[in-house]
Amino acid sequence: MHELSIAAAVVESAQDTARRHGASSVEAVRLRVGELSGVVADALRFSFGVVTEGTELAGAELVVEDVPARARCTACALEFAPGVPLRLWCPECGEGATELVAGRELEIVDVTLPPAGASCDGGSAPQGERQGGTV
């Protein structure tokens, strides 16, 4: 179950964000998880709960945004849902040269810290610091 190691990486990144802003807790972490990423959202949620015990993220909400798979035909530019299992030929022109444009994501979108002064060790704790990295 690789979701446990993914959850651990998410927690580590969120802890780093909290420390940079002097926050002693984290309210929520929002992730984008692609349909083709191979990640089982329920297993990730369970793993997140286990990994956060005894950390600044204990009790934090894990919000998972599902990203549907999308492909684009390189011949006619049609965007379509390739389905699972993948069907990568274009339903419009029949061309087999397509590219996946969405569905493989696994990224932290943002980390929500408590308002300044509420569970902070000083400094500001902005709501929803955006994380640009991929887990």
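Bear in mind that the values here come from a model prediction, so they are computed numbers and not experimental data. Counting from 1, residues in each chain are numbered in the order their sequence is written. This being a predicted model, a pLDDT of at least 70 is required before a residue's local features are given, and a value of 80 or more before pairs of side-chain atoms are given or counted; all residues contribute to the totals for chains, interfaces and linings. The basis for every side-chain value is the complete set of non-hydrogen atoms in the structure, without hydrogens or water.

One side-chain nitrogen of Lys or Arg within 4 Å of one carboxyl oxygen of Asp or Glu is enough to make a salt bridge. By the definition in use, this model includes ten salt bridges. Where R30 meets E65, a salt bridge forms, and the shortest distance between an N and an O atom there is 2.4 Å. On the criterion of sequence distance, the pair formed by R30 in strand β1 (residues 28-34) and E65 in strand β2 (residues 61-67) is long-range, its members being 35 residues apart. Think of it in three bands: residues with accessible area under 20% of the maximum for their type are buried, residues over 50% are exposed, and the middle band is partly exposed, with areas taken using a 1.4 Å probe on protein chains only. Relative accessible area serves as the criterion here: at 25%, E65 is assigned to the partly exposed category. R32 is the partner of E107 in a salt bridge, and the nearest nitrogen-oxygen pair spans 2.9 Å. Of the two residues, E107 is situated in strand β6 (residues 106-112) and R32 in strand β1; the sequence distance between them amounts to 75 residues. Classification of R32 by relative accessible area gives partly exposed; the value is 26%. Numbered from the N terminus, helices here are DSSP runs of H or I no shorter than four residues, and strands are runs of E no shorter than two.

Our focus in this paragraph is the UniProt feature "binding site: Ni(2+)" (unreviewed entry) in the chain. UniProt's feature table lists "binding site: Ni(2+)" (unreviewed entry) at H2, given in the numbering used throughout. When you line up the elements, H2 lands in the segment before α1 (3-20). We classify H2 as partly exposed; its relative accessible area is 38%. Contacts: residue pairs with any heavy atoms within 4.5 Å of one another. Sequence-distant contacts of H2, defined by excluding residues within four places in its chain, comprise G38 and V39. UniProt positions are given in the numbering used here, feature names are shortened, and annotations may be inferred rather than shown by experiment.

Turning to the UniProt feature "binding site: Zn(2+)" (unreviewed entry) in the chain, a few remarks are in order. As recorded in UniProt, the feature "binding site: Zn(2+)" (unreviewed entry) lies at C73, C76, C90 and C93. Considering the C-alpha atoms alone, the annotated residues occupy 21 residues of sequence yet fold into one spot, their largest mutual distance being 8.6 Å. Following the sequence through the fold, C73 ends up in strand β3 (residues 70-73). Assessed through its relative accessible area of 2%, C73 is described here as buried.

Attention shifts here to the sheet that holds strand β5 (residues 98-102). Backbone hydrogen bonds are what pair the strands of a sheet, in a parallel or an antiparallel way. Here, any two strands with at least 2 DSSP bridges between them count as paired. The strand order across the open sheet built from three strands is β4-β3-β5, with neighbouring strands paired in antiparallel fashion. Here the strands that pair on one side only, and so sit at the sheet edges, are β4 (79-80) and β5. Pairing of β3 with β4 involves two bridges; the strand directions are antiparallel. Residue pairing in the sheet places R72 in a bridge with E79 of β4.

Glancing now at the state of the cysteines. Any pair of cysteine sulfurs within 2.5 Å is marked as a disulfide. The final tally for this structure, using the stated rule, is zero disulfides. This cysteine, C90, is not joined by any disulfide, and C76 carries the nearest cysteine sulfur, 3.6 Å off. When its relative accessible area of 2% is taken as the criterion, C90 is described as buried. C93 carries a free sulfur, and the closest cysteine sulfur to it, the one in C73, is 3.6 Å from it. Judged by its relative accessible area of 42%, C93 falls in the partly exposed class.

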